[in-house]
Amino acid sequence: MNTSTITAASPPGAKKPSVESNTVTRDLKRVLNPASIAVIGGGAWCASIIEAAQRIGYQGQIFPVHPSGKEIAGIKAIERLEDWDGPIDAAFIGVNRFATLEVVSTLRELGAGGAVCFASGFTEALAEDASGADLQAQLVAAAGGMPILGPNCYGFVNALDRAAIWPDQHGMQPVERGVAILTQSSNIAINLTMQRRGLPIAYMVTCGNMAQTSQAAIAMQLLDDDRVTAIGLHIEGFGNLREWEALAAKAHDRGVPLVALKVGASEQAQAAAVSHTASLAGSDAGAQALLDRLGIARLHGLPAFLETLKLLHANGPLTSNKIASISCSGGEASLIADLSTARDLVFPPLSEPQKQDLKAALGPMVALANPLDYHTYIWRDTQAMTRAWKGMTGEGIGMTFSIVDYPHTDHTDWTCATQAALAVRAETGAPFAVVATLPELMPEHVADELMAGGVVPIMGLEEALAAAEAASHTKTPILEPVCLPGTAEPDLVLTEAEAKDALASHGLPIPRNMVVPALDAAQACSGLTPPFAVKGIGLAHKSEHGAVRLGVQASDLDDAARAVGTETVLVEEMADGGVVELLIGVTRDPAHGFVLTMGAGGVLTEVLRDTVSLLVPSTQSQVKQALNKLKCAPLLHGYRGKPAADVDAIVAAVDAVQAYVLANADTLAEVEINPLICTATGAVAVDALIRKASS
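Residues numbered from 1 in each chain as written. Predicted model: local features only at pLDDT ≥ 70, side-chain atom pairs only at ≥ 80, totals over all residues. Heavy atoms only, no water.

K.L.:
Any chance you could explain helix H7 (residues 241–254) here in plain terms?
P.N.:
Residues that lie three or four places apart on an α-helix share one face, since the helix turns once every 3.6 residues. An ideal rise of 1.5 Å per residue puts 20 Å on 14 residues; H7 measures up with 20 Å between its terminal C-alpha atoms. Counted residue by residue, H7 has 11 buried out of 14 residues, so it is predominantly covered. When we look at burial in H7, the residues that qualify are Leu-241, Arg-242, Glu-243, Trp-244, Glu-245, Ala-246, Leu-247, Ala-248, Ala-249, Lys-250 and Ala-251. The residue sitting at the N-terminus of H7 and contributing the capping side-chain oxygen is Asn-240; that oxygen lies 2.9 Å from the backbone nitrogen of Arg-242. Two residues or fewer after H7 comes Gly-255, characterised by a positive phi angle close to 75 degrees. (Helix = DSSP H or I, 4+ residues; strand = E, 2+ residues; numbered from the N terminus. Expected span 1.5 Å × (residues − 1). Buried < 20%, exposed > 50% of the residue type's maximum accessible area, 1.4 Å probe, protein only. Polar contact = N/O pair within 3.5 Å; in protein donor to acceptor, adjacent residues only side chain to side chain.)

So this is what it looks like as structure tokens:
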């Protein structure tokens with residue numbers, strides 16, 4: 001994909017962010033589906049490589065390499081790589097980090113397809129060994145154009161083609177189609193291969209510390225395999241954002257949904273924050289904004305991650321967030337209803353056709369509702385159960401759940417439930433899931449049977465709802481590339497007046513104002529109209545220092561200016577008619593771009609913590625959608641007879657802030673407007689802060 005073709009509307013007057021990428025794509029086809037594998041080293045890890053390949057049914061050539069020529073896992077080793085008479089499609093390098101460099105260089109010279117670098121002690125060990133970064137650079141140079149996975153990497157299992165480079169146990173079985181999972185944690189990868197949830201895993205790939213080949217680049221190549229139905233990404237950090245943008249676009253084009261388990265929220269950036277915005281946004285807000293922008297649904301735990309992949313494999317993304325539930329217990333109906341309240345899911349009321357179908361199947365003794373408790377009158381009557389469960393599907397329903405717990409003692413009496421679910425799916429084609437309230441109450445063979453028939457076997461009510469929410473949130477990615485920030489260290493905080501003037505030059509409305517000596521304020525400000533706001537100059541949080549006076553009349557101006565306590569003061573005309581006060585801020589997030597935060601403003605900003613975050617640049621439509629997600633959104637649209645705010649003026653103010661950011665991306669660290677006074681006819685910034693590098 002050529003990312004230079006990605007365009008979309010930016011804020012008026014904005015400089016287009018660059019979309020160039022220095023990434024070189026390397027072909028992983030030979031590595032991931034090798035006809036020959038070299039296993040270099042002599043330890044137990046290398047023996048495990050051979051055993052893991054045999055476990056998945058590998059039919060290619062696999063040969064150990066060790067200078068002693070000893071036998072490893074029952075196969076006699078050759079002494080040197082050069083002694084192998086034939087191509088080397090992939091290699092596992094199980095030697096120390098220093099020897100790894102020489103082996104990689106030799107493999108490149110021999111035209112190998114690629115290698116998995118197992119050794120640690122590269123950049124991930126910088127805290128213990130400062131030479132790690134230099135070694136990693138040497139590793140990349142030694143590889144040249146040959147792809148490598150790692151270092152500090154376990155490799156992969158390819159269950160589609162029955163190939164593996166994996167130095168440990170794994171629980172994967174050959175499959176014909178399934179999901180791909182990529183993780184930066186080898187231990188999590190091992191655990192995920194051991195899942196017994198009926199989820200067909202096509203690829204399990206560990207990325208290590210990605211010296212050369214990134215997680216996004218690997219996922220891009222897995223998208224070329226049409227047997228991959230969905231991709232799950234366990235992400236510790238994003239790295240090259242242009243790669244992630246290209247991945248999201250390609251996945252959408254191919255119709256393959258992406259879901260993420262993003263970890264690593266950090267408060268380090270908040271510790272040095274000057275503004276409210278920085279403390280509210282933080283790095284995790286940037287990560288969430290990036291995932292939202294890319295159309296990648298986010299999960300927060302491994303069970304929900306797996307169940308979501310399972311749902312996507314069986315059904316693909318859901319067409320809506322409207323769900324239905326049927327169970328033979330009122331307790332379960334109440335529980336799933338309560339659990340859904342914290343999620344963006346809706347239980348729509350039953351339609352008249354649904355009520356008629358359900359009444360015909362269940363008789364007059366069952367109160368019809370969604371979620372539905374159908375009691376046990378029809379238990380064991382597979383046909384009646386099928387009719388009732390079909391009644392909970394229908395137009396507009398994204399997913400129907402049937403709650404069934406199979407006892408681990410004797411579940412033969414529950415066969416009727418399995419058959420009814422399979423019949424509903426076969427007869428309607430509607431998305432349908434059987435949910436066990438506890439994971440251990442869904443037998444593995446039942447899960448396999450349901451999956452084979454297109455029914456999703458989900459383990460856990462909360463996981464079911466998380467999966468449905470995520471599957472309804474896989475969206476079209478925003479193709480406008482994010483603005484990448486500069487790296488210059490911020491050493492300058494503009495005064496409020498300087499910040500307002502800078503933003504006003506990009507279209508932000510500000511009050512008429514003057515910076516004057518505190519001892520001669522009244523005479524200097526004769527051209528302004530009271531009442532005034534009088535503020536001290538040079539203080540970051542003026543209200544906390546008592547350096548703000550509001551509603552000052554002309555006769556009191558000199559006294560107010562002297563009381564502020566700074567040599568010079570900012571005097572400005574007061575904004576009136578405010579409907580609501582908002583915060584509009586942008587912080588530089590090196591991992592995700594510039595995070596645009598909007599929320600409830602004023603002195604209670606950090607108490608209310610009512611914010612939404614996007615990335616710069618965002619369009620007017622995206623800004624409006626985000627504003628409507630705020631808890632204070634009703635105030636914007638007129639609450640209990642109060643006038644509505646001029647939302648278009650608010651959006652224009654946000655555009656002005658974005659335009660300033662795009663024009664100063666190389667030096668900017670953060671911008672904050674707090675508050676933006678929003679009236680029925682406009683929006684005006686009455687306080688502003690800019691922190692940036694001086695050059």
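K.L.:
Sorry, what's going on with the packing of aromatic side chains here?
P.N.:
For any pair of aromatic rings, the description rests on two quantities: the centre-to-centre distance and the angle between the ring planes. Considering all chains together, one arrives at 10 aromatic pairs under this definition. For the pair Trp-45 and Tyr-154, a centre-to-centre distance of 6.0 Å together with 65 degrees between the ring planes defines the contact as edge-to-face. Residue Trp-45 is located in helix H2 (residues 44–56), and its partner Tyr-154 is located in the loop between strand S7 (148–149) and strand S8 (156–158); the two are separated by 109 residues in the primary sequence. (Phe/Tyr/Trp six-rings, centres within 6.5 Å; stacked < 30°, edge-to-face > 60°.)

K.L.:
Looking at this structure, I do not really get the sheet that holds S7. What am I missing?
P.N.:
Either a parallel or an antiparallel arrangement is found when strands of a sheet pair, and the pairing is made through backbone hydrogen bonds. With parallel pairing, the 5 strands of this open sheet are ordered in space as S2-S1-S5-S6-S7. Lying at the two open borders of the sheet, with one neighbouring strand each, are strand S2 (61–65) and S7. One ladder, built from 3 bridges, connects strand S5 (residues 90–93) with strand S6 (residues 115–117); its direction is parallel. By the bridge assignment, Ile-93 is partnered in S6 with Cys-117. (Pairing = 2+ DSSP bridges.)

K.L.:
It is not clear to me how the pairing of strand S17 (residues 399–403) should be interpreted in this structure. Could you clarify?
P.N.:
Looking along a regular strand, one sees side chains alternate from face to face of the sheet. Judged by how many residues are buried, S17 sits mostly within the fold: 5 of 5 residues are covered. The alternating pattern of S17 places Met-399, Phe-401 and Ile-403 and Thr-400 and Ser-402 on opposite faces, both of which are buried. Across 4 bridges, strand S15 (residues 323–327) lies against S17 in parallel orientation. Across the sheet, Ser-325 pairs through a bridge with Phe-401, a residue of S17. In this region the chain leaves S17, passes through helix H14 (residues 415–428) and returns to the parallel neighbour strand S18 (residues 432–436); the handedness of that crossover is right-handed. (Right-handed = clockwise from strand over helix to strand, strands pointing away.)

K.L.:
Looking at this model, I keep getting lost on the sheet that holds strand S11 (residues 201–206). Mind explaining?
P.N.:
Sheet architecture is open: 7 strands sit in the order S9-S8-S11-S10-S12-S13-S14, paired in mixed fashion. Looking at strand neighbours, the two that pair on one side only are strand S9 (163–165) and strand S14 (297–299), the edges of this open sheet. Strand after strand, the sheet turns through a mean of 15 degrees between neighbouring axes, direction not considered. Direction of pairing for strand S12 (residues 228–235) relative to strand S13 (residues 258–262): parallel, over a ladder of 5 bridges. Each residue of the ladder has a partner; that of Gly-232, found in S13, is Val-259. (Axes fitted to C-alpha atoms, helices over the stretch in contact; angles between N-to-C directions.)

K.L.:
Quick question: what am I supposed to make of the pairing of strand S10 (residues 178–183) here?
P.N.:
Of all the 6 residues making up S10, 6 are buried; the element is thus mostly covered by neighbouring parts of the structure. Relative to S12, S10 runs parallel, the two being bridged by 5 bridges. Bridging across to S12, Gly-178 finds its partner in Val-228. Note that S10 and S11 share 5 bridges and pair parallel. Counted as the bridge partner of Thr-183 is Thr-206 from S11. After leaving S10, the chain enters helix H5 (residues 186–193) and then returns to the sheet as S11, a path that is right-handed.

K.L.:
Even after reading the chapter, I still don't get the side chain of Gln-195, so can you show me in this structure?
P.N.:
As for its position among the elements, Gln-195 is in the loop between H5 and S11. For Gln-195, a relative accessible area of 15% gives the class buried. Those residues in contact with Gln-195 that sit more than four places away from it in its chain are Ile-201 and Leu-306. (Contact = heavy atoms within 4.5 Å.)

K.L.:
It is not clear to me how the pattern of salt bridges should be interpreted in this structure. Could you clarify?
P.N.:
Close approach of charged atoms lets side chains of opposite charge pair. This structure, assessed with the given rule, holds 24 salt bridges. For Asp-648, the salt bridge is made with Lys-624, and the minimal N-O distance between the two is 2.9 Å. Remark: Lys-624 occurs in helix H21 (residues 620–627) and Asp-648 occurs in helix H23 (residues 647–663); sequence separation between them is 24 residues. The class for Lys-624 is partly exposed, based on a relative accessible area of 34%. (Salt bridge = Lys/Arg side-chain N within 4 Å of Asp/Glu carboxyl O.)

K.L.:
Looking at this structure, how should I read unusual backbone geometry?
P.N.:
Outside of glycine, negative phi angles account for most residues, and trans bonds account for most peptide bonds. Of note, the bond from Gly-150 into Pro-151 is cis; its omega dihedral lies within 30 degrees of zero at 5 degrees. Position of Pro-151 among the secondary structure elements: in the loop between S7 and S8. Cis rather than trans, the peptide bond between Pro-530 and Pro-531 has omega equal to 5 degrees. Note that Pro-531 resides in the loop between helix H18 (521–524) and strand S22 (532–536). At Arg-640, a residue that is not glycine, the phi angle is positive and equals roughly 50 degrees. Looking at the element boundaries, Arg-640 is found in the loop between helix H22 (633–636) and H23.

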